[in-house]
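# A look at the structure
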Amino acid sequence: MGCCRGSAPRYGEDFTFVSRLVKYLLFLFNFIFWVISVVMVSIGLYARSVKHAEAALAYLSVDPAIFIMVVGILMFIITFCGCLGSLRENICLLQTFCISLVVIFILQLTAGILGFVFSDKAQAKVSDAITHAIEHYREDIDLQNLIDFGQREFGCCGGVTYTDWSENMYFNCKKDNPSRERCSVPFSCCLLSEEKVAVINTMCGQGMQEMEYMEAQNYIYTDGCVDKLVNWIHSNLFMLGGIAMGLAIPQVGAHLTASQGVGSLALFSLQLIGILLSQILITQIKDQINLQQSRGLWR
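What comes next concerns the included structure. Because the structure is predicted, anything quoted here is derived from the model rather than measured.

Moving on: helix H7 (residues 141-154). Here H7 is 14 residues long and its end C-alpha atoms lie 20 Å apart, about the 20 Å a rise of 1.5 Å per residue gives. All of the buried residues along H7 are Asp142, Leu143, Gln144, Ile147, Asp148, Gly150 and Gln151. The positive-phi residue at the C-terminal boundary of H7 is glycine 155, with phi of around 65 degrees.

Turning our eyes to something else, we now look at the packing of aromatic side chains. Aromatic ring pairs are described here by two measures, namely the spacing of the ring centres and the angle between the planes. Overall, the coordinates contain nine aromatic pairs when judged by the stated rule. When the centroid spacing of 4.9 Å and the interplanar angle of 80 degrees are considered together, the rings of tyrosine 137 and tryptophan 165 count as edge-to-face. Taken together, the residues tyrosine 137 in the loop between helix H6 (119-135) and H7 and tryptophan 165 in the loop between H7 and helix H8 (213-216) connect sequence positions 28 residues apart. Summarising the burial analysis for this pair, tyrosine 137 and tryptophan 165 share the class buried. Among the aromatic residues, ring-to-ring pairing joins Phe27, Phe31, Trp34, Phe76 and Phe80 into one connected group.

Ranked by internal contacts, the top residues of the largest apolar core, which has 22 residues, are Ile130, Ile147, Cys157, Trp165, Val185, Cys189 and Ile220. Listing elements by their share of this core, those giving two or more residues are H6, H7 and helix H9 (225-244). Broken down by element, the residue count for this core peaks at four residues, all from H6. Those residues within four positions of cysteine 189 in sequence are excluded, and the remaining contacts are Gln151, Cys156, Cys157, Trp165, Ile220 and Tyr221. Judged by nonpolar contacts, the second largest core, of 16 residues, contains Leu26, Phe97, Cys98 and Ile275.

Enumeration over the complete set of coordinates arrives at four disulfides. Across the disulfide from cysteine 190 sits cysteine 204; the S-S distance is 1.9 Å. Negative torsions about the S-S bond denote left-handed disulfides, and the value of about 110 degrees found for cysteine 190 with cysteine 204 makes this one right-handed. Residue cysteine 190 is found in the loop between H7 and H8, and its partner cysteine 204 is found in the loop between H7 and H8; the two are separated by 14 residues along the sequence. As far as burial versus exposure is concerned, cysteine 190 and cysteine 204 are alike and both buried. Among the cysteines of the chain that take part in disulfides, numbered as they appear in the sequence, the pairing is 1-8, 2-5, 3-4, 6-7.

A grouping of Val38, Ile73, Phe76, Ile77, Phe80 and Leu84 is seen on the molecular surface, where their side chains present a nonpolar patch of about 480 Å² in accessible area. Considering every element that reaches the nonpolar patch, the biggest residue donor is helix H4 (residues 64-88), with five residues. Residue class for valine 38 comes out partly exposed when judged on its relative accessible area of 33%.

Attention now goes to the environment of aspartate 164. With respect to the helices and strands, aspartate 164 occurs in the loop between H7 and H8. We classify aspartate 164 as partly exposed; its relative accessible area is 22%. If we skip the residues at most four places from it in the chain, aspartate 164 touches Ile134, Gly158 and Gly159. In terms of polar contacts, aspartate 164 uses its side chain to reach the backbone amide nitrogen of glycine 159, at 3.1 Å.

Definitions and cut-offs
- Residues numbered from 1 in each chain as written.
- Predicted model: local features only at pLDDT ≥ 70, side-chain atom pairs only at ≥ 80, totals over all residues.
- Heavy atoms only, no water.
- Helix = DSSP H or I, 4+ residues; strand = E, 2+ residues; numbered from the N terminus.
- Expected span 1.5 Å × (residues − 1).
- Buried < 20%, exposed > 50% of the residue type's maximum accessible area, 1.4 Å probe, protein only.
- Phe/Tyr/Trp six-rings, centres within 6.5 Å; stacked < 30°, edge-to-face > 60°.
- Core = buried A, V, L, I, M, F, W, Y, C linked by side-chain atoms within 4.5 Å.
- Contact = heavy atoms within 4.5 Å.
- Disulfide = S-S within 2.5 Å.
- Patch = residues over 30% accessible without salt bridge, like charges linked within 9 Å, V, L, I, M, F, W, Y side chains within 5 Å.
- Areas by Shrake-Rupley, 256 points an atom, 1.4 Å probe, with all protein chains shown as cover.
- Salt bridge = Lys/Arg side-chain N within 4 Å of Asp/Glu carboxyl O.
- Polar contact = N/O pair within 3.5 Å; in protein donor to acceptor, adjacent residues only side chain to side chain.

The following block contains the structure:
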């Protein structure tokens, strides 16, 4: 009659289902991104405190400083739940963290699909935004830095082509334009020599709009930023959706390159790692709770 009681599994007083490796790995995972979120919020606050104009908010749909702060705050909240939940072995906080990652993944998947389906409209929106930004290039330092960064990062100049800089009053090619930058392009359009020089020629874009395309491409990027930015958006947003659906849509391959997909693949992998670790830890905590509740019955 005592066979059932004797066959039940017995665990020592110090036994726990909760793996220290999983627990502290999840904590470290969240802590790193929690620190990054604090840095992002700090950068955003600093950018807003030294900002002397509200032009970027007017010329762009989102002020870069505000965008950084919003993303940083959301990341701070999510990773804080992950950090505290893993340390305290709190199922509620861990589930909040896990659900947040799943929601973010779904939003990324949706954005990728919509961006691919409505690519023409997306390209038109991007083109309008870039044209509007070019017009107000000199009116806000944040906007100027953002455009310069984009042109250097993507190796492009202007919206559709380098002559689009005539849309800006300072770079306009009209003969009655008194600006010293007449018919020029910003320094960020220039092809920089790989050789280190003592003094960089920041006026390398002077008069480039007066040159023919074939001649100008020896000195500056001549291709516009619209196509490159749209392709980058497609590559990075749809990469997540493509992987999640098992690359079920073959056209995705035409929009992906190895270099552009690395960032999205890394983000996708980190999200999966976070979801997986949190789910493993939640299961272990539930098993530990059940063990604690049943120990009195098996003694």
